[in-house]
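Reading the structure
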Amino acid sequence: MLKDAPIGVFDSGVGGLTVVREIIRQLPSENVVYFGDTARVPYGSKSQKTIIEYTRQIIHFLKTKKVKAIVIACNTASAYALDTVAPEVDVPIIGVVRPGAYTAAHTTVSGNIGVIGTEGTINSGIYSSVLHEYNPGFRVIGKACPLFVPLVEEGLLNDSVTDEIASRYLQVLKDAHVDTLILGCTHYPLIRSTIRRIMGEGVNLVNPAYETAISLRCLLKEQGIYRESGEPEYHFFVSDGTDKFSAFANSILPVELVETRLVPIDEY
Ligand code: DGL
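The structure contained in this document is the topic of the report that follows. Quick caveat: nothing in here was measured; it's all calculated off a predicted structure.

So, on to the overall build of the protein chain. When helices and strands are tallied, the protein chain shows 12 helices and 10 strands. A globule of 268 residues ought to have a C-alpha radius of gyration of about 18 Å, and the protein chain, at 18 Å, matches this closely. Here the C-alpha coordinates of the protein chain stretch approximately 50 × 35 × 35 Å along the principal axes. Residue burial in the protein chain is summarised as follows: out of 268 residues, 58% are buried. A fraction of 76% describes how many contacts in the protein chain between residues 6 or more apart in sequence connect residues 24 or more apart.

So, in structure tokens, the structure goes:
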């Protein structure tokens with residue numbers, strides 16, 4: 001049955017696990033195949049051409065797992081590759097940018113919206129373009145925060161170094177009086193409490209991972225392929241460093257990770 005086929009989810013590395021975490025919470029019977037491109041991370045500083053090539057390879061790999069839908073759980077790949085690859089794929093495919101932008105557009109009161117992400121995501125201007133589809137009057141302030149990804153990957157989630165760097169990065173958004181801030185990189189929800197402390201309680205923090213899981217459920221229901229019941233299975237694949245990945249996944253996922261397997265992604 002197509003309903004029992006897994007959802008393919010991928011990211012440049014561990015960050016997309018924040019999206020898997022939301023899928024597990026909100027679509028608890030869905031089977032998931034996850035691929036983390038740990039050998040080639042980070043995507044945030046690479047060219048669009050490279051990201052499109054990587055994305056095509058990963059989709060090819062996920063198709064061998066007979067996925068019924070694909071989630072690009074990476075802001076940079078959603079920004080650079082989704083529109084190009086979507087017409088090439090014969091299953092529904094979504095990214096994380098539109099769901100995040102949708103929520104921000106419907107949450108802001110002042111129209112001052114901040115976006116933080118990798119250099120690639122911010123330079124692509126994608127959040128700004130999508131937000132302006134909702135309201136051309138929005139004032140969108142983007143800020144690349146390239147040090148956040150390595151800080152999260154080093155496990156410095158609650159650390160004075162992270163506080164110091166976050167204070168510097170976020171000052172421009174505080175000065176702009178944003179009332180809504182999009183966490184436009186998959187790693188950032190993991191330092192949400194630091195961002196919250198610096199931005200203050202009055203700013204709405206939008207986690208696109210949460211909204212993406214909602215969009216995915218709507219999409220699967222619309223297509224009649226939503227798996228409503230049954231025990232789910234989760235399979236994890238990476239292009240390098242299985243043990244490090246498993247340790248990270250075990251620390252943030254609400255399920256016991258069975259095994260992470262290695263994939264020679266260049267061969268796809
Ligand atoms: N997963 C990436 C994103 O959401 C961040 C890490 C990277 O630069 O590859 O943009």
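Back to the text.
With that settled, the discussion passes to unusual backbone geometry. Of note, the bond from Val41 into Pro42 is cis; its omega dihedral lies within 30 degrees of zero at 5°. For Pro42, the position within the fold is in the loop between strand S2 (32-36) and helix H2 (48-64). The phi angle at Lys66 is positive, at roughly 55°, despite the residue not being glycine. Residue placement: Lys66 occurs in the loop between H2 and strand S3 (69-72). If you check the backbone angles, His177 has positive phi at about 55° while not being a glycine.

Neighbouring the ligand are 14 residues, the closest being Asp11, Ser12, Tyr43, Gly44 and Thr76. Here an oxygen atom of the ligand sits 2.6 Å away from a polar atom, N or O, in the main chain of Tyr43. Gly44 places a main-chain nitrogen or oxygen 2.8 Å from an oxygen atom of the ligand. Coverage of the ligand by the protein amounts to 99% of the 290 Å² it exposes when considered alone. Along the lines of polarity and charge, the residues of the shell around the ligand split into six nonpolar, seven polar and one charged.

This part takes up the environment of Pro254. You can see Pro254 is positioned in the loop between helix H12 (242-252) and strand S10 (260-262). Each C-alpha atom, one on Pro254 and one on Ser110, is 36 Å from the other, the two residues being 144 residues apart in sequence. If sequence neighbours within four positions are ignored, Pro254 has contacts with Arg21 and Ile24.

Next up on the list: the side chain of Ser29. Relative to the helices and strands, Ser29 resides in the loop between helix H1 (17-26) and S2. Take Ser29: its relative accessible area is 9%, and that puts it in the buried class. Here Ser29 is in contact with Arg227, Glu228, Ser229, Gly230 and Pro232, once residues within four sequence places are set aside.

This next bit is on empty space enclosed by the protein. Considering all chains together, one arrives at one cavity of 30 Å³ or more under this definition. When its volume is computed, the largest cavity comes out at roughly 40 Å³. Surrounding the largest cavity, Thr18, Val19, Asn75, Val96, Leu183, Cys185, Thr186, Pro189, Asn207, Pro208 and Ala209 form its lining. Listing elements by their share of the lining of the largest cavity, those giving two or more residues are H1 and helix H11 (208-222). A breakdown of the residues in the lining of the largest cavity according to their chemical character gives seven nonpolar, four polar and no charged.

This part is about the pairing of strand S7 (residues 180-184). For S7, a buried count of five out of five residues is recorded, marking the element as mostly surrounded by other parts of the structure. Side chains of S7 alternate between two faces, with Thr180, Ile182 and Gly184 and Leu181 and Leu183 buried alike. Two elements, strand S5 (residues 112-117) and S7, share five bridges in a ladder whose sense is parallel. Of the residues in S7, the one forming a bridge with Gly114 is Leu181.

It is worth spelling out the pairing of strand S9 (residues 234-238) at this point. Buried residues dominate S9, accounting for four of its five residues. In the sheet, S9 pairs with S10 via three bridges, with the strands oriented parallel. For Val238, the partnering residue across the bridge sits in S10 and is Leu262.

Another point: the packing of H1 against H12. One way to put it is that H1 packs onto H12 with a least axis distance of 10 Å and a crossing angle of 40°. In terms of their interaxial angle, H1 and H12 are classed as oblique. Judged by the twist between their axes, the crossing of H1 over H12 is right-handed. Side by side, H1 and H12 meet where Leu17, Thr18 and Arg21 of the first sit next to Phe245, Phe248, Ala249 and Ile252 of the second. When the residues that make up the contact of H1 with H12 are grouped by side-chain class, the tally is five nonpolar, one polar and one charged.

So, how was this worked out
Residues numbered from 1 in each chain as written. Predicted model: local features only at pLDDT ≥ 70, side-chain atom pairs only at ≥ 80, totals over all residues. Heavy atoms only, no water. Helix = DSSP H or I, 4+ residues; strand = E, 2+ residues; numbered from the N terminus. Rg over C-alpha atoms; globule rule 2.2 N^0.38 Å. Buried < 20%, exposed > 50% of the residue type's maximum accessible area, 1.4 Å probe, protein only. Contact = heavy atoms within 4.5 Å. Near = heavy atom within 4 Å. Polar contact = N/O pair within 3.5 Å; in protein donor to acceptor, adjacent residues only side chain to side chain. Areas by Shrake-Rupley, 256 points an atom, 1.4 Å probe, with all protein chains shown as cover. Nonpolar A, V, L, I, M, F, W, Y, C, P; charged D, E, K, R; others polar. 1 Å grid on protein atoms, 1.4 Å probe; cavity = no way out; pocket = protein on both sides within 12 Å on 5 of 7 lines; lining within 4 Å. Points joined across faces, edges and corners; volume = space filled by probe spheres on them. Pairing = 2+ DSSP bridges. Axes fitted to C-alpha atoms, helices over the stretch in contact; angles between N-to-C directions. Parallel < 35°, antiparallel > 145°, perpendicular 65-115°, else oblique. Left-handed = near helix turned anticlockwise from the far one by under 90°.

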